[in-house]
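A look at the structure
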Amino acid sequence: MAGFEDYGGTASRIAAEIERKLIALGVDWRDEARLRELAREALAYDSSKGFPGAGSRDVQKRVKVELYGLVGVMMMTMGESADHGLEVRGNDAWRAVAKALWAEKEGSERKGA
């Protein structure tokens, strides 16, 4: 049912929640090295093995799992909006996370080549 989704609003809410998760983790989204570290962890995360950390008493692990999920939902939201010819953007925190993810993904592809 294209046309009924508020991709921009959804992306804004997801980006704000990503920002909150970064704050909860004590991560400044201007700290590229720390974001790259989180990006490596996110890219290595294998949800098919269940969600280790999701039920953990370790708050940091739970927040990371939630952050990884939000990143995935944001990527799906942006992809779906693009499929409908719409461009949506996130906030500065999301852009910094996305930049770190792309950098880590490109770096791992170069290593594998």
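Note that the structure is predicted; figures quoted are calculated from it, not measured.

1. Some remarks on the overall build of the protein chain
The helix and strand tally for the protein chain stands at 4 helices and 0 strands. The order of helices and strands in the protein chain, counted from the N terminus, is α-α-α-α. A total of 113 residues make up the protein chain; the buried ones form 32% of that total. Considering only contacts within the protein chain whose residues lie at least 6 apart along the sequence, 68% involve residues at least 24 apart. Accessible surface, the protein chain: about 7300 Å² in total, of which carbon and sulfur atoms supply 54%.

2. Structural notes on the side chain of Glu104
Summarising the element assignment, Glu104 is placed in helix α4 (residues 92-112). A residue is classified by how much of its surface remains accessible, and Glu104, at 9% relative accessible area, is buried. Side-chain polar atoms of Glu104 contact the side chain of Arg40, separated by 3.0 Å. Sequence-distant contacts of Glu104, that is, excluding residues within four places in its chain, are made with Arg36, Ala39, Arg40 and Leu43.

3. Structural notes on empty space enclosed by the protein
Left-over empty space is what a probe sized like a water molecule reveals as it rolls over the atoms. What the rule picks out here adds up to 1 cavity of 30 Å³ or more. Its boundaries defined by the atoms lining it, the largest cavity holds a volume of some 70 Å³. In terms of lining, the largest cavity is formed by Leu22, Leu35, Leu38, Ala39, Ala42, Leu67, Tyr68, Val71, Val97 and Leu101. At the level of secondary structure, the elements contributing two or more residues to the lining of the largest cavity comprise α2 (32-44), α3 (59-83) and α4. Of the residues contributing to the lining of the largest cavity, the split by class is 10 nonpolar, no polar and no charged.

4. Comments concerning the confidence of the model for the protein chain
Averaged over every residue, the pLDDT of the protein chain is 87; residues scoring 70 or more account for 88%. The secondary-structure element of the protein chain with the lowest mean pLDDT is α4, recorded at 87, while helix α1 (residues 7-24) shows the highest, at 96.

5. Looking at the pattern of salt bridges
Scanning the model with the defined rule gives 11 salt bridges in all. The partner of Glu104 in a salt bridge is Arg36, and the shortest N-O contact between them spans 2.4 Å. Placement of the pair is Glu104 in helix α4 and Arg36 in helix α2, with a sequence separation of 68 residues. Between Arg40 and Glu104 there is a salt bridge; the shortest N-O distance is 3.0 Å.

Rules used throughout
Residues numbered from 1 in each chain as written. Predicted model: local features only at pLDDT ≥ 70, side-chain atom pairs only at ≥ 80, totals over all residues. Heavy atoms only, no water. Helix = DSSP H or I, 4+ residues; strand = E, 2+ residues; numbered from the N terminus. Buried < 20%, exposed > 50% of the residue type's maximum accessible area, 1.4 Å probe, protein only. Contact = heavy atoms within 4.5 Å. Areas by Shrake-Rupley, 256 points an atom, 1.4 Å probe, with all protein chains shown as cover. Polar contact = N/O pair within 3.5 Å; in protein donor to acceptor, adjacent residues only side chain to side chain. 1 Å grid on protein atoms, 1.4 Å probe; cavity = no way out; pocket = protein on both sides within 12 Å on 5 of 7 lines; lining within 4 Å. Points joined across faces, edges and corners; volume = space filled by probe spheres on them. Nonpolar A, V, L, I, M, F, W, Y, C, P; charged D, E, K, R; others polar. pLDDT = per-residue confidence, 0-100. Salt bridge = Lys/Arg side-chain N within 4 Å of Asp/Glu carboxyl O.

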